Amino acid sequence: MAYFAAILHMEKPELNQEFRQAHLDYLAELVTQDKVHLKGPFLDGAGGMVVYKAESLDEAKQLAEEDPYVKEGVRRLELHEWGI
């Protein structure tokens, strides 16, 4: 199992509230599947970060790209394997 940091850069703040609950529900489901290690917003409003637990970069990318914030273009995804 590896860890992947998904930095979610704010792209469309005007859509943030519209898709917030779907984003939170998506991550809550992944927490129950033990696919999320940590998650939270940046306090300066620049976006947030999710640390996924996955077997590969491809799996982490698939998980991150299914996030409603990413799918709807609210946030721009930057994904890196993290050596923690």
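Our focus in this paragraph is the sheet that holds strand E3 (residues 47–54). Read across the sheet, four strands follow the order E2-E3-E1-E4 without closing on themselves; strand pairing throughout is antiparallel. In this open sheet, the two strands that pair with only one neighbour each are strand E2 (36–41) and strand E4 (75–82). Mean inter-strand twist for the sheet, computed between neighbouring axes without regard to direction, equals 15 degrees. Relative to E2, helix H1 (residues 16–32) is tilted by about 160 degrees, and along the sheet it contacts strand E1 (2–10), E2, E3 and E4.

Right, let's talk about the nonpolar core for a bit. Counting eleven residues, the largest nonpolar core consists of Ala 6, Leu 8, Tyr 26, Leu 27, Leu 30, Val 36, Val 50, Tyr 52, Leu 63, Ala 64 and Val 70. The element best represented in this core is H1, accounting for three residues. Those residues within four positions of Ala 64 in sequence are excluded, and the remaining contacts are Ala 6, Tyr 52, Val 70 and Leu 77.

Buried within helix H2 (residues 57–65) are the following residues: Glu 59, Ala 60, Leu 63 and Ala 64. The buried residues of H2 occupy an angular sector of 130 degrees when projected down its axis, which confines them to one face. The exposed set on the far side of H2, more than 90 degrees from its buried face, consists of Asp 58 and Gln 62. Residues of H2 that are buried make contact with E1, H1, E3, helix H3 (68–71) and E4.

Take the environment of Arg 76 next. Checked against the element boundaries, Arg 76 lands in strand E4. Of the residues examined, Arg 76 reaches a relative accessible area of 43% and is grouped as partly exposed. In this structure, the C-alpha to C-alpha distance between Arg 76 and Leu 43, residues 33 residues apart in sequence, is 17 Å. Leave out the neighbours within four places in its chain, and Arg 76 touches Ile 7, Leu 8, His 9 and Glu 11. A polar contact of 3.3 Å, which involves the side chain of Arg 76, links it to the side chain of Glu 11.

Before going further, it helps to spend a moment on unusual backbone geometry. The phi dihedral of Asp 34 is positive, around 60 degrees, even though this residue is not glycine. Assignment of secondary structure puts Asp 34 in the loop between H1 and E2.

Calculation criteria
- Residues numbered from 1 in each chain as written.
- Predicted model: local features only at pLDDT ≥ 70, side-chain atom pairs only at ≥ 80, totals over all residues.
- Heavy atoms only, no water.
- Pairing = 2+ DSSP bridges.
- Helix = DSSP H or I, 4+ residues; strand = E, 2+ residues; numbered from the N terminus.
- Axes fitted to C-alpha atoms, helices over the stretch in contact; angles between N-to-C directions.
- Contact = heavy atoms within 4.5 Å.
- Core = buried A, V, L, I, M, F, W, Y, C linked by side-chain atoms within 4.5 Å.
- Buried < 20%, exposed > 50% of the residue type's maximum accessible area, 1.4 Å probe, protein only.
- Arc of directions from axis to C-beta.
- Polar contact = N/O pair within 3.5 Å; in protein donor to acceptor, adjacent residues only side chain to side chain.

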